[in-house]
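Listed below are the residues making up each chain.
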Amino acid sequence: MAEVILRQVEKVYPNGFKAVHGIDLTIHEGEFMVFVGPSGCAKSTTLRMIAGLEDISDGQIMIGNKCVNNLPPKDRGISMVFQNYALYPHMSVYENMAFGLKQQKINKREIERRISDAAETLEITHLLASKPGEMSGGQRQRVALGRAMVRKPDVFLFDEPLSNLDAKLRVSTRISIAQLHHDLKAEGQNATMIYVTHDQVEAMTLGDRICVLDQGNIMQVDTPMNLYHSP
Ligand code: ADP
Ligand code: ADP
């Protein structure tokens, strides 16, 4: 459970290109924030800086009252879901979900409990012994969601998680993500969600608030309703 604060965050890539221009943003604990904007507006760069997958050039990122500028991804209390699922192909679904937990030295019974709970929520129990290569894109993305979920992160980060899915799976998986946010809240795990997309419908249906980016600047931050009605 954590608030995420960006203070004057800048990104200059090694080639000298300034991708992010000193942005300020507070994402509240439990909030579902969507970053939206055209390709190249720096949605992914911003998310990856929050994740710790990309260095920040200037400014400060706080997660849960702690400056994380110098913390590696594993110490930030985050889990990330990627467009390409990023599952280990040689491991079963169960092993994919267990992998990070084993590294954290969580005991076996607790690992089994978390995986069976997540699998039930995401309706992937029947897939636990399967390998990613045997599954549809929608199933793989549910597994990736499950893997993020079992870590019980304070913050979930999503980088275009639906972009590789066909229209029907996109809708059902989007509903799973909204349901996950809702269920975690109901269980008292007030997880913060930060979600990157170029898709207006995803932004409008998922976001508590939407942050509109353009060329590395924040243009607007507001609720879907207010954005929809703004001139
Ligand atoms: P988005 O996710 O909104 O499509 P990105 O965050 O991927 O945008 O990219 C933002 C800008 O930074 C783009 O202009 C992109 O070309 C540039 N960029 C991304 N990665 C690099 C890099 N490694 N080196 C230089 N420029 C980059
Ligand atoms: P390890 O031997 O690496 O510690 P485990 O003992 O946790 O792994 O699990 C052994 C094997 O049993 C793994 O291949 C895992 O996929 C499988 N397995 C364990 N629990 C379940 C479960 N609830 N459902 C399906 N497969 C499971």
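Summary of the structure given here. (Residues numbered from 1 in each chain as written. Chains lettered and ligands numbered in written order. Predicted model: local features only at pLDDT ≥ 70, side-chain atom pairs only at ≥ 80, totals over all residues. Heavy atoms only, no water.)

1. Notes on the sheet that holds strand β6 (residues 78-81)
- Strand order in this open sheet of six strands is β6-β7-β8-β3-β9-β10, and the pairing throughout is mixed. Looking along the sheet, the strands with just one partner apiece sit at the ends: β6 and β10 (217-222). Direction aside, the axes of adjacent strands within the sheet are offset by 20 degrees on average.
- Alignment of β6 against strand β7 (residues 155-159), held across four bridges, turns out to be parallel. Bridged to Ile78 within β7 is Val155.
- Strand contacts of helix α5 (residues 167-186): β3 (32-36), β7 and β8 (192-197), with the helix running at about 165 degrees to β8, the strand carrying the most contacts. (Pairing = 2+ DSSP bridges. Helix = DSSP H or I, 4+ residues; strand = E, 2+ residues; numbered from the N terminus. Axes fitted to C-alpha atoms, helices over the stretch in contact; angles between N-to-C directions. Contact = heavy atoms within 4.5 Å.)

2. Describing the site of ligand 2
- In the neighbourhood of ligand 2, the contacting residues comprise Ser92, Tyr94, Glu95, Lys102, Lys108 and Leu128.
- Within the contact set of ligand 2, an oxygen atom lies 3.0 Å away from a side-chain nitrogen or oxygen of Glu95.
- In this structure, an oxygen atom belonging to ligand 2 sits 2.8 Å away from a side-chain N or O atom of Lys108.
- Coverage of ligand 2 by the protein amounts to 49% of the 550 Å² it exposes when considered alone.
- Examining the composition of the shell around ligand 2, we find that three residues originate from one element, helix α2 (residues 93-103), more than from any other. (Near = heavy atom within 4 Å. Polar contact = N/O pair within 3.5 Å; in protein donor to acceptor, adjacent residues only side chain to side chain. Areas by Shrake-Rupley, 256 points an atom, 1.4 Å probe, with all protein chains shown as cover.)

3. Overview of the sheet that holds strand β2 (residues 18-27)
- Across the sheet, which stays open at both edges, the four strands sit in the order β2-β1-β4-β5 with antiparallel pairing between neighbours. Each end of this open sheet is capped by a strand with a single partner; those strands are β2 and β5 (66-67).
- Contacts between helix α1 (residues 43-51) and the sheet are confined to β1 (4-12), β2 and β4 (58-63), with β1 contributing the most and set at about 120 degrees to the helix.

4. What about the pairing of β4?
- Where β1 lies against β4, five bridges are found, and the strand directions are antiparallel. Looking across to β4, one finds that Arg7 is bridged to Gln60.
- Relative to β5, β4 runs antiparallel, the two sharing two bridges. Its bridge partner lying in β5, Met62 is registered against Cys67.
- From the end of β4 to the start of β5, which pair antiparallel, there are two residues, and Gly64 there has a positive phi angle of about 55 degrees.

5. Quick word on the site of ligand 1
- In the neighbourhood of ligand 1, the contacting residues comprise Tyr13, Asn15, Phe17, Ala19, Pro38, Ser39, Gly40, Cys41, Ala42, Lys43, Ser44 and Thr45.
- Tyr13 places a side-chain nitrogen or oxygen 3.5 Å from a nitrogen atom of ligand 1.
- Backbone polar atom of Ser44 to an oxygen atom of ligand 1: 2.9 Å apart, as the coordinates give it.
- Contact with the protein chains covers 62% of the free accessible surface of ligand 1, which is 560 Å².
- Among the elements that take part in the shell around ligand 1, α1 stands out by supplying three residues, more than any other.

6. Remarks on the packing of aromatic side chains
- Summed over all chains, the structure comprises five aromatic pairs.
- Their ring planes at 10 degrees and their centres at 6.2 Å tell us that Phe156 and Phe158 sit as a pair that is stacked. Accessibility assignment for this pair places Phe156 and Phe158 in one class, buried.
- Clustering of aromatic rings is evident, with ring pairs tying together Phe32, Phe156, Phe158 and Tyr195. (Phe/Tyr/Trp six-rings, centres within 6.5 Å; stacked < 30°, edge-to-face > 60°. Buried < 20%, exposed > 50% of the residue type's maximum accessible area, 1.4 Å probe, protein only.)

7. Details of the packing of α2 against helix α3 (residues 108-122)
- Across the interface, α2 lies against α3 with an axial gap of 10 Å and an inter-helix angle of 135 degrees. As judged from the angle between their axes, α2 and α3 are oblique. Classified by chirality, the crossing of α3 by α2 is right-handed. Contacts from Tyr94, Met97, Ala98, Leu101 and Lys102 of α2 reach α3 at Ile111, Glu112, Arg114, Ile115 and Ala118. (Parallel < 35°, antiparallel > 145°, perpendicular 65-115°, else oblique. Left-handed = near helix turned anticlockwise from the far one by under 90°.)

Don't take any of this as a statement about function, it's just geometry.
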